[in-house]
Amino acid sequence: MHLIPAPIRNIELTAAASSVAQARAATCNESTSYINSSGNCIHRPETTGSAPSGATAQCTDGEYSLSQHHAGTCSGHGGVK
């Protein structure tokens, strides 16, 4: 059995992706936003009279979510309405 070494290119891409995620995290105000599983800074759910621009779901507690993924949307807010 011959072992094939992992290409160096994959290591470089992983390091580049990691530094992009770190840069996004550094510019994300975590008091009003969070970093999602894709590494994007997403505005936390908010209560408004009507759905804010970009809202993807309304939570059971009446807040609107701008989540990009189904999993975890409105967690801590009673789930999706």
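In what follows, the structure referred to is the one given above.
Residues numbered from 1 in each chain as written. Predicted model: local features only at pLDDT ≥ 70, side-chain atom pairs only at ≥ 80, totals over all residues. Heavy atoms only, no water.

### Observations concerning the state of the cysteines
Tallying each qualifying case throughout the model produces two disulfides. C59 shares a disulfide with C74; S-S distance 2.1 Å. Across the S-S bond linking C59 and C74, the dihedral sits near -80°, which makes this disulfide left-handed. Taken as a pair, C59 in the loop between strand 3 (57–58) and strand 4 (64–65) and C74 in the segment after strand 4 lie far apart in primary sequence, 15 residues in all. With respect to burial, C59 and C74 carry one shared label: buried. Within the protein chain, bonded cysteines paired by disulfides and numbered along the sequence follow the pattern 1-2, 3-4. (Disulfide = S-S within 2.5 Å. Helix = DSSP H or I, 4+ residues; strand = E, 2+ residues; numbered from the N terminus. Buried < 20%, exposed > 50% of the residue type's maximum accessible area, 1.4 Å probe, protein only.)

### Thoughts on the environment of P45
Relative to the elements of secondary structure, P45 occurs in the loop between strand 2 (41–43) and strand 3. Separated by 13 residues in the primary sequence, P45 and Q58 place their C-alpha atoms 8.7 Å from one another. Ignoring any residue separated from it by four or fewer positions in sequence, one finds P45 in contact with E63, Y64, S65 and H77. (Contact = heavy atoms within 4.5 Å.)

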